[in-house]
Amino acid sequence: MITIALSGTVLANDATPQDAENTTEVQEELYQAVGQDPYQRGTMGFWDQVRQGESGFTTSKGDEHDVLISTPGNTWYILKEKWMSPVGAVAIFGSITMMILFYIIVGPLMLSAPRTGKTILRWTRWDRALHWSMAFTFLTLAFSGLMLVYGKHFLKPYVPSEFWAFIMMLAKQYHNYIGPIFCILLIAVLFKWMSKSFFNKADLQWFLKLGGMVGKHKGTHPSADFSNGGEKALFWLLIICGALVSISGLVLDFPIFGQTRRDMEFSNLVHSLSALILICGFVFHIYIGLFGMEGALEGMVTGEVDETWAKEHHDIWYARVKAEQQRSTVDLDATNKGDSLNEQS
Ligand code: HEM
């Protein structure tokens, strides 16, 4: 009856009370616990076989429909719960702690020269809309995902079970429906910012001088184009780990293409690992944006940066923008001269 109620699956060699005779000592103790009731003894033998991975028959068609309990799933469970989950918690708290220590010990990177009061355009309206949509989507997905993984440890024991169920339902639905939006934004980010994210020689120097942020290099402002080496590294981290998160997330979100349990377990591990790497990477990015570098945030909020900031942090880009501005002024002057000559003649 249990079998039919669960999935309509029946084991090939259905267990009988007689099978109980051939069990181990531990099992015998269990049988003694349930007494002489032949029905209970029969179902226990049945579930022993199920747990050992015994398959049965079912009228339902599809891969693994005849497997009630998938024993290899234990490997996934152990990897996820006993390894990934604690290691992930240590990595996230470790990254946040490192950033706090960095702020206390090294301090934020301030501008070396006074501001000029003249600004240049760094991020267009489209850039900013894309950045903040991505930031909002990523952070809320990270929050709901972390809630799904860790909520049972830090929230469940302290709140009424109805509230807990509601929060979990909310986190799951949000994660499932908003996840695909992250994939679309990731593709947009790739096409919008890829061209300025290829590494060059200046980036190597930037890395060798630790971005001009630490120790004897602090305030040396190594050369950089529109993006510096660190930003480019973060961009590619976002693209690679973001693609892994997206593909594995879609496999989990739409289990209608014949995915087996193994496919789902593998996708789940890939999804969690790449999401954890991204979250740790972006703790650093958010630190720099909010507290670590004077003037960075105003660029992403208003679109404009002070010329001093541009010269100190992105000198190659600054020189190019200035040269373009001069060229267009010269072109404009030439056009104006031509117009006035035409008018005179
Ligand atoms: C509170 C959260 C965040 C803050 C304060 C922030 C701040 C910033 C700032 C100030 C910049 C401009 C840096 C510059 O002008 O050189 C930037 C660029 C960028 N941000 Fe964020 N950000 C946040 C979250 C995120 C998130 C969650 C993502 C993606 C998952 C993200 C992806 C990017 C990318 C791809 C760039 C362009 C980097 C490049 O130049 O290649 N940001 N962010």
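It should be noted that the structure appears before, not after, this text.
Residues numbered from 1 in each chain as written. Predicted model: local features only at pLDDT ≥ 70, side-chain atom pairs only at ≥ 80, totals over all residues. Heavy atoms only, no water.

S.K.: Any chance you could explain the packing of helix α7 (residues 201-208) against helix α8 (residues 229-253) here in plain terms?
M.R.: Any two packed helices are characterised by the angle at which their axes cross and by the distance between the axes. Between α7 and α8, the shortest axis-to-axis distance is 8 Å and the interhelical angle comes to 105 degrees. With respect to each other, α7 and α8 are oriented roughly perpendicular. On α8, the residues touching Asp 203, Trp 206 and Phe 207 of α7 are Gly 229, Gly 230, Lys 232 and Ala 233. Split by residue class, the contact of α7 with α8 holds 3 nonpolar, 2 polar and 2 charged. (Axes fitted to C-alpha atoms, helices over the stretch in contact; angles between N-to-C directions. Helix = DSSP H or I, 4+ residues; strand = E, 2+ residues; numbered from the N terminus. Parallel < 35°, antiparallel > 145°, perpendicular 65-115°, else oblique. Contact = heavy atoms within 4.5 Å. Nonpolar A, V, L, I, M, F, W, Y, C, P; charged D, E, K, R; others polar.)

S.K.: Explain the packing of aromatic side chains to me, please; I cannot follow it from the model alone.
M.R.: Taken as a whole, this structure holds 13 aromatic pairs when the rule is applied. With 5.5 Å between their ring centres and 50 degrees between their planes, Phe 138 and Phe 282 make a pair best called tilted. Here the residue Phe 138 occupies a position in helix α5 (residues 125-154), and Phe 282 occupies one in helix α9 (residues 261-292), the gap between them amounting to 144 residues. Linked through ring pairs, Phe 102, Tyr 103, Tyr 287 and Phe 291 together constitute an aromatic cluster. Here the guanidinium or amino end of Arg 122 rests over the ring plane of Phe 226, the centre of that ring lying 4.0 Å away. Across from the ring centre of Trp 317, 4.9 Å away, lies the NZ or CZ of Arg 122, which sits over that ring. (Phe/Tyr/Trp six-rings, centres within 6.5 Å; stacked < 30°, edge-to-face > 60°. Lys NZ or Arg CZ within 6 Å of the ring centre and 35° of its normal.)

S.K.: Honestly, α7 in this entry has me stumped. Any pointers?
M.R.: Because the α-helix completes a turn every 3.6 residues, residues three or four places apart line up on one side. Listed as buried for α7 are Ala 202, Asp 203 and Trp 206. Summarising the axial view, the buried residues of α7 lie within an arc of 100 degrees, below the 170-degree limit, and thus occupy one face. For α7, the exposed residues lying more than 90 degrees away from the buried face are Lys 201, Leu 204 and Leu 208. (Buried < 20%, exposed > 50% of the residue type's maximum accessible area, 1.4 Å probe, protein only. Arc of directions from axis to C-beta.)

S.K.: Even after reading the chapter, I still don't get the nonpolar core, so can you show me in this structure?
M.R.: Soluble globular proteins: nonpolar side chains tend toward being buried together. With 47 residues, the main nonpolar core has Ile 120, Met 134, Phe 182, Val 189, Leu 238, Leu 278 and Trp 317 as its most contacted residues. Of all the elements in the fold, those that place two or more residues in this core are α4 (73-105), α5, α6 (161-193), α8, α9, α10 (296-302), α11 (307-313) and α12 (315-344). No other element matches the 9 residues that α9 contributes to this core. With residues near it in sequence (within four places) discarded, Ile 120 still touches Gly 303, Glu 304, Val 305, Glu 307, Ala 310, Trp 317, Tyr 318, Val 321 and Gln 325. Of all hydrophobic cores here, the second largest spans 7 residues; its members include Met 147, Ile 167, Met 168 and Ala 171. (Core = buried A, V, L, I, M, F, W, Y, C linked by side-chain atoms within 4.5 Å.)

S.K.: Explanation requested: the packing of α4 against α9 in the structure shown.
M.R.: Their axes nearest at 10 Å, the elements α4 and α9 cross at an angle of 5 degrees. With respect to their mutual orientation, α4 and α9 come out roughly parallel. Residues that form the contact of α4 with α9 fall into these classes: 18 nonpolar, 5 polar and 3 charged.

S.K.: Would you mind showing me how to read the coordination of the iron atom of the ligand here?
M.R.: Angles between donor atoms at a metal ideally measure 109.5 degrees for a four-coordinate tetrahedral arrangement and either 90 or 180 degrees for a six-coordinate octahedral one. Distances from the iron atom of the ligand to its protein donors, namely His 131 (NE2) and His 285 (NE2), fall within the range 2.0 Å. If you look at the iron atom of the ligand, its 6 donor atoms make angles of 86 to 180 degrees with each other, and the shape they trace is octahedral. In this pair, His 131 sits in helix α5 while His 285 sits in helix α9, placing the two residues 154 residues apart along the sequence. For His 131, a relative accessible area of 15% gives the class buried. For His 285, a relative accessible area of 32% puts it in the partly exposed group. (Donors = N, O, S within 2.8 Å, 3.2 Å for Na, K, Ca; no water. Tetrahedral: all angles 85-135°; square planar, octahedral: opposite > 155°, others 65-115°.)

S.K.: When you look at the site of the ligand in this model, what are you seeing that I'm missing?
M.R.: Lining the immediate environment of the ligand, one finds 21 residues, of which Arg 122, His 131, Ser 227, Glu 231 and His 285 sit closest. At 3.0 Å, a side-chain N or O of Ser 227 approaches an oxygen atom of the ligand. Of all the secondary-structure elements, those providing two or more residues to the shell around the ligand are α5, α8, α9 and α10. A total of 5 residues in the shell around the ligand trace back to one element, the largest contributor, which is α5. Along the lines of polarity and charge, the residues of the shell around the ligand split into 14 nonpolar, 4 polar and 3 charged. (Near = heavy atom within 4 Å. Polar contact = N/O pair within 3.5 Å; in protein donor to acceptor, adjacent residues only side chain to side chain.)

S.K.: What's the story with the pattern of salt bridges in this structure? I'm lost.
M.R.: If the charged atoms of two oppositely charged side chains come close together, the side chains can form a pair. Tallied over the entire structure, the rule returns 9 salt bridges. With a closest N to O distance of 3.3 Å, Lys 192 and Asp 127 form a salt bridge. Remark: Asp 127 occurs in helix α5 and Lys 192 occurs in helix α6; sequence separation between them is 65 residues. The buried category is assigned to Asp 127, whose relative accessible area is 8%. Where Lys 322 meets Glu 307, a salt bridge forms, and the shortest distance between an N and an O atom there is 2.8 Å. Of the two residues, Lys 322 is situated in helix α12 and Glu 307 in helix α11; the sequence distance between them amounts to 15 residues. (Salt bridge = Lys/Arg side-chain N within 4 Å of Asp/Glu carboxyl O.)

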